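Inside the fold
Now for the letters of each chain:
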Amino acid sequence: MPVSEAMVQDIVKEVVARMQLSRTAQGAYHGVFADMNDAIAAAKEAQKKVRVMTMDQREQIISNIRRKTHENAEVLARMGVEETGMGNVGDKILKHHLLADKTPGTEDITTTAWSGDRGLTLVEMGPFGVIGAITPCTNPSETVLCNCIGMIAAGNTVVFNPHPQAVKTSIFAMNLVNEASIEAGGPDNVACTVEKPTLASSSVMMKHRDIPLIAATGGPGVVTAVLSSGKRGIGAGAGNPPALVDETADIRKAAQDIVNGCTFDNNLPCIAEKEIVAVDSIADELMHYMISEQGCYLISKEEQERLTNTVLTPKGLNRKCVGRSARTLLSMIGIEAPSNIRCIVFEGEKEHPLISEELMMPILGLVRAKDFDDAVEKAVWLEHGNRHSAHVHSKNIDNITKYARAIDTAILVKNAPSYAALGFGGEGYCTFTIASRTGEGLTSASTFTKRRRCVMSDSLCIR
Ligand code: NAD
């Protein structure tokens, strides 16, 4: 069979790709640099190549990222738990499959058109260039992979400053993304980072002239830092989601949904139920089902005090408690709990520190409200104006509407566990960057684009 020019080109591409991939075999990961300036320069070069790829080629990279995420879901889950000590492997595996299946790709990049007597006008979504991304230790590889799918689908490349406590897992995820690009005939370094991310490397990124947009996923400190950087910022900040339960709810199911949502990945997701506000008439019944059917362990006043002193130090959250299982937390205060225990519960006032603080641990304080209006007021107070997530169990649509308006969050899940918001047992797409503070809500590829108007005057209208 004669060898055509195109076939030769394909063979060369394949050989080059294999040579590049072999770097991994020698122990070095793709996209990792000693210096942040070099990481940004490499991502800039890569973006020039991504910019001229067809949408089909971009989608091929995305499809490779999805496949690699599925193939490596367990490895990534284990790495994340081992490195950070947070969360649990089973749920982290599910999170990786979810993001691989449900994070939007190039189909999210759409065009708006007007045509009429004066011609044709399009508004297209173009890339920003190199995006700076700051990622948390609570969902390290999940956020890196999810950000990469959206940002690359939109035609950008990305430089990460990941949480230092999750750097190995984050780098492993970025390496998969670069392999996915190379295997699709795209460039290396579509996702870059530094060997040792620090506040200093983050500051270089935030000030760098080649970074026009920064996406920060983390607590209030990082979001404030990014929004003060003088660049455009997407701020996906902290939450403290209350689950409100009224007297019309299916109380038994509400108990199950709330505990399932709260204990998922040991309460690490920012959207997870962090406390309950229940109207007085059903509060005891709800607590009964949580304890008798949902593996909840009721702690006494004295145990609450010991837990508070263990979990909250004068310097803030005790990091050794974040994302730990209920049994581990109980063992830290000298309680040997049965193996079926998955959540710690108690009743308290809304000001109780284990209720008002965002803990990211399977601890659910229940606040009693005298009626629905009182419950809404308490839940709004507990959400602290984060405008992030809230949940409700009710069959009264007037109540649900009133609550939704009052709490004004990016996410409101009704009659389901919180993870339904991410498309897990609910409709809609997945993301691990929920831009609560800056209002984009659940981010996707289109969030990472600039709107560009393209006008053809007096022509191309063929109606
Ligand atoms: P964190 O705020 O400690 O760290 C997040 C990232 O920000 C890390 O990479 C960290 O190194 C960096 N960082 C922190 N302070 C900084 C500063 N002043 N300047 C520059 N970088 C800084 O948060 P975490 O413990 O890794 O994650 C948990 C927090 O993130 C929770 O508050 C949770 O609600 C929030 N979170 C929000 C979302 C969302 O989509 N809205 C998703 C996941 C986590």
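Just above sits the structure.
Criteria and cut-off values
- Residues numbered from 1 in each chain as written.
- Predicted model: local features only at pLDDT ≥ 70, side-chain atom pairs only at ≥ 80, totals over all residues.
- Heavy atoms only, no water.
- 1 Å grid on protein atoms, 1.4 Å probe; cavity = no way out; pocket = protein on both sides within 12 Å on 5 of 7 lines; lining within 4 Å.
- Points joined across faces, edges and corners; volume = space filled by probe spheres on them.
- Helix = DSSP H or I, 4+ residues; strand = E, 2+ residues; numbered from the N terminus.
- Domains from an automatic or database assignment.
- Nonpolar A, V, L, I, M, F, W, Y, C, P; charged D, E, K, R; others polar.
- Phe/Tyr/Trp six-rings, centres within 6.5 Å; stacked < 30°, edge-to-face > 60°.
- Buried < 20%, exposed > 50% of the residue type's maximum accessible area, 1.4 Å probe, protein only.
- Lys NZ or Arg CZ within 6 Å of the ring centre and 35° of its normal.
- Near = heavy atom within 4 Å.
- Polar contact = N/O pair within 3.5 Å; in protein donor to acceptor, adjacent residues only side chain to side chain.
- Areas by Shrake-Rupley, 256 points an atom, 1.4 Å probe, with all protein chains shown as cover.
- Sits in = over half its atoms within 2 Å of the grid points.
- Axes fitted to C-alpha atoms, helices over the stretch in contact; angles between N-to-C directions.
- Parallel < 35°, antiparallel > 145°, perpendicular 65-115°, else oblique.
- Contact = heavy atoms within 4.5 Å.
- Expected span 1.5 Å × (residues − 1).
- Arc of directions from axis to C-beta.

**Quick look at the layout of surface pockets**
Considered as a void within the structure, the largest pocket measures approximately 750 Å³ in volume. Going through the elements one at a time, strand E4 (130-135), strand E5 (157-162), helix H8 (199-207) and helix H9 (220-227) are the ones with two or more residues in the lining of the largest pocket. With four residues, H9 is the largest single contributor of residues to the lining of the largest pocket. Of the domains in this structure, domain 1 (5-237 + 442-452) and domain 2 (242-425) are the two that each give at least three residues to the lining of the largest pocket. Its volume calculated, the second largest pocket comes out at about 180 Å³. Together, Arg51, Met55, Arg58, Ile109, Thr110, Thr111, Glu124, Met125, Gly126, Pro127 and Arg452 line the second largest pocket.

**Focus: empty space enclosed by the protein**
Tallied over the full model, the rule gives three cavities of 30 Å³ or more. In this structure, the largest cavity encloses a volume near 50 Å³. Looking at the largest cavity, the residues that line it are Asn139, Pro269, Cys270, Ile271, Leu422, Thr431, Phe432 and Ile434. Broken down by class, the residue content of the lining of the largest cavity amounts to six nonpolar, two polar and no charged.

**Overview of the packing of aromatic side chains**
Enumeration according to the criterion identifies four aromatic pairs in this entry. Between tyrosine 419 and phenylalanine 424, the aromatic rings sit 5.2 Å apart at their centres with planes inclined by 65°, giving edge-to-face as the arrangement. A residue is classified by how much of its surface remains accessible, and tyrosine 419, at 17% relative accessible area, is buried. Judged by its relative accessible area of 27%, phenylalanine 424 falls in the partly exposed class. Site record: aromatic cluster; members linked through ring pairs are Phe264, Tyr419 and Phe424. The lysine or arginine in question, lysine 350, covers the ring of tryptophan 381, its NZ or CZ lying 4.7 Å from the ring centre.

**Notes on the site of the ligand**
Neighbouring the ligand are 30 residues, the closest being Thr135, Cys137, Gly219, Glu358 and Ile434. One of the backbone nitrogen or oxygen atoms of histidine 163 is found 3.2 Å away from an oxygen atom of the ligand. Alanine 236 is positioned such that a nitrogen or oxygen atom in its backbone is 3.5 Å from a nitrogen atom of the ligand. Considering the ligand on its own, with 840 Å² of exposed area, one finds that the protein chains cover 87% of that surface. Here the ligand occupies the largest pocket. Mapped onto the shell around the ligand, the elements with two or more residues apiece are E4, E5, H8 and H9. Considering every element that reaches the shell around the ligand, the biggest residue donor is H8, with three residues.

**Here we look at the packing of helix H5 (residues 89-102) against helix H6 (residues 140-153)**
To characterise two packed helices, one gives the angle between the axes of the helices and the distance between these axes. Direction vectors running N to C along H5 and H6 enclose 0°, while the axes themselves pass 10 Å from each other. With respect to H6, the element H5 is oriented roughly parallel. Facing H5, whose interface residues are Lys92, Lys95, His96 and Leu99, H6 presents Ser141, Glu142, Leu145, Cys146 and Ile149. Grouping the constituent residues of the contact of H5 with H6 by class yields four nonpolar, two polar and three charged.

**Focus on helix H4 (residues 73-84)**
With twelve residues, H4 extends 16 Å from end C-alpha to end C-alpha; this agrees with the ideal 16 Å at 1.5 Å per step. Inspection of H4 places Ala73, Leu76, Ala77, Gly80, Val81 and Thr84 among the buried residues, and these make up the whole buried set. Down the axis of H4, the sector holding all buried residues measures 125°, keeping them to one side. Those residues of H4 that are buried lie in contact with helix H3 (55-71), H5, H6 and helix H7 (167-183).

**With respect to the environment of glycine 31**
Along the chain, glycine 31 turns up in the loop between helix H1 (5-25) and strand E1 (32-33). Overall, glycine 31 belongs to the buried group, its relative accessible area being 1%. Taking the C-alpha atoms as reference, glycine 31 lies 47 Å from isoleucine 400; in sequence the two are 369 residues apart.

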